[in-house]
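Residues per chain are reported as follows:
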Amino acid sequence: MVDIKYWAALNLVPRLGPVRFRRLEAYFEDMEKAWKASLSEFKAAGLDDRTARDLISLRGKITPESELERILRAGINLACWHDDNYPVRLKEIADPPPVLYFKGTLLPSDERSLAVVGTRGPTSYGREATAGLTAELAHNGIVIVSGLARGIDGVAHRAALESGGRTIAVLANGLDIIYPREHTNLAQQIVGCGAIVSEYPPGVRPDSRSFPRRNRLISGISLGSLVVEAGEGSGARWTVYHALEQNREVFCVPGSIYSPMSRLTNRLIQEGAKLVSNVTDILEELNLTAVARQVQLPLPVDTDSDPESALLGLLNDDPQHIDDIRRIADIPITSVSSMLTMLELKGLVRQVGCMHYVRLREVSQVYGN
């Protein structure tokens with residue numbers, strides 16, 4: 001069983017990245033032994049002199065117990081690459097972070113995810129395309145992964161949440177710092193219906209070098225990456241480069257030939273990226289099954305004789321949170337919960353994520369495998 005406090009402590013050592021972590025693990029088999037080893041043992045394990053001495057120096061300043069307490073006190077969870085909740089696809093990349101810090105939840109269903117990235121200064125076209133495509137992806141059970149940045153990232157996260165879906169934000173700094181600051185509330189919403197994650201421990205501030213490196217995690221967690229709008233200098237290009245290195249799919253929304261914000265996306269399409277005009281283009285390429293779209297099912301509502309029908313009459317195809325349904329219905333939350341459960345069993349409503357419900361009537365065919 002992994003004792004995560006030693007992983008957390010070792011992760012503070014400068015230059016001790018995935019390659020050196022693997023050397024320590026291969027030599028010592030147990031990170032407690034690695035933490036307590038001598039200088040000669042570190043060198044025998046394959047560490048260079050500088051890294052080995054930095055590790056020994058760190059042992060005089062902190063303890064694994066104090067580091068774990070510091071992380072947990074900040075409301076942050078952590079997982080190493082041996083833990084079940086560590087994202088499966090992230091383990092497959094060439095340099096997965098040995099330790100992943102997160103707030104919120106990481107679920108097995110997050111394997112069905114897509115990165116959505118783009119410029120920090122989108123046009124109205126880029127915002128509209130991002131919001132529309134992301135909402136459709138969320139309705140189809142796709143987890144949206146992005147970087148919490150201004151522009152396309154923020155639009156994608158919000159559209160996923162507003163559609164009742166899950167979203168994951170990958171940060172380029174410690175999770176006790178939200179950057180940009182205006183996305184603090186957005187980050188809190190994401191924690192409630194997804195996760196914010198980072199490879200950096202609390203206290204690490206963002207810098208210009210951390211963002212391109214962070215983007216390998218955005219693409220690494222995901223089945224593919226969708227670039228909605230990006231110029232040649234956009235940071236989204238790093239996500240694309242990492243996605244290609246990781247053998248992930250790259251999708252692009254085409255834009256005007258006159259728009260600087262579409263130069264990268266249009267060039268990538270010329271070079272072989274999948275052109276996207278609707279969600280079907282993505283789902284079919286990834287061989288994913290679409291969720292049949294649902295629309296309102298008109299039913300007679302008799303509030304006196306059938307409370308379930310009365311509750312059903314309050315729902316439509318826009319996701320509503322159970323707390324909002326309870327407030328409108330003006331009945332106890334336990335009654336609302338039990339009736340929604342019965343309506344789900346009858347195939348009349350569906351929970352689309354994070355206690356959001358829609359009213360159902362299947363009207364479209366399912367495609368894909």
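In what follows, the structure referred to is the one given above.
Residues numbered from 1 in each chain as written. Predicted model: local features only at pLDDT ≥ 70, side-chain atom pairs only at ≥ 80, totals over all residues. Heavy atoms only, no water.

Draft legend 1. A look at the overall build of the protein. Looking only at helices and strands, the protein features 17 helices and 12 strands. A principal-axis box enclosing the C-alpha atoms of the protein has dimensions of 80 × 55 × 40 Å. Relative to its 369 residues, the protein shows a buried fraction of 51%. Contacts spanning at least 24 positions in sequence make up 70% of the contacts within the protein whose residues lie at least 6 apart. Put simply, the protein shows about 17,000 Å² of open surface, and 50% of that area lies on carbon and sulfur atoms. Computing the positive centroid from 41 side-chain charges and the negative centroid from 45, the protein places the two 8 Å apart. (Helix = DSSP H or I, 4+ residues; strand = E, 2+ residues; numbered from the N terminus. Buried < 20%, exposed > 50% of the residue type's maximum accessible area, 1.4 Å probe, protein only. Contact = heavy atoms within 4.5 Å. Areas by Shrake-Rupley, 256 points an atom, 1.4 Å probe, with all protein chains shown as cover. Lys, Arg positive; Asp, Glu negative; His and termini not counted. Charge placed at Lys NZ, Arg CZ, Asp CG, Glu CD.)

Draft legend 2. Expanded view of the nonpolar core. If you look at the biggest cluster of nonpolar residues, it comprises 69 residues, and the most contacted ones within it are Leu24 and Val197. When residues in this core are grouped by element, the largest group, six residues, is from helix H1 (residues 4–10). Counting residues in each nonpolar core, the second largest holds 21 residues, with Ile144, Ala160, Phe251 and Ile282 among its members. (Core = buried A, V, L, I, M, F, W, Y, C linked by side-chain atoms within 4.5 Å.)

Draft legend 3. Spotlight on the state of the cysteines. For the coordinates displayed, the defined rule picks out one disulfide. Cys193 shares a disulfide with Cys354; S-S distance 1.7 Å. Here Cys193 and Cys354 share a disulfide; its torsion about the S-S bond, 110°, makes the bridge right-handed. With a gap of 161 residues between them, Cys193 in the loop between helix H10 (184–192) and strand E6 (194–198) and Cys354 in the loop between strand E11 (349–353) and strand E12 (356–359) connect regions that are remote in the sequence. What makes Cys354 partly exposed here is its relative accessible area of 25%. (Disulfide = S-S within 2.5 Å.)

Draft legend 4. Focus on the pattern of salt bridges. Following the criterion strictly, the structure yields 19 salt bridges and no others. We note a salt bridge from Asp48 to Arg20, for which the minimum N-O separation is 3.1 Å. Note that Asp48 is positioned in the loop between helix H4 (39–44) and helix H5 (49–59) and Arg20 in helix H2 (residues 18–28), a separation of 28 residues in sequence. Judged by relative accessible area, Arg20 falls into the partly exposed class, the value being 22%. We note a salt bridge from Arg166 to Asp110, for which the minimum N-O separation is 2.9 Å. In this pair, Arg166 sits in the loop between helix H9 (152–162) and strand E5 (167–170) while Asp110 sits in the loop between strand E2 (99–104) and strand E3 (113–117), placing the two residues 56 residues apart along the sequence. (Salt bridge = Lys/Arg side-chain N within 4 Å of Asp/Glu carboxyl O.)

Draft legend 5. Looking closely at the packing of aromatic side chains. In this structure the tally under the stated criterion is seven aromatic pairs. Ring centres 5.9 Å apart and planes at 80° place the aromatic pair Trp7 and Trp81 in the edge-to-face group. On the criterion of sequence distance, the pair formed by Trp7 in helix H1 and Trp81 in the loop between strand E1 (77–80) and helix H7 (88–91) is long-range, its members being 74 residues apart. The pair Trp7 / Trp81 is uniform in exposure class, with both members buried. Both rings, one in Phe21 and one in Trp81, keep their centres 6.4 Å apart while their planes meet at 75°; by these two values the pair is edge-to-face. (Phe/Tyr/Trp six-rings, centres within 6.5 Å; stacked < 30°, edge-to-face > 60°.)

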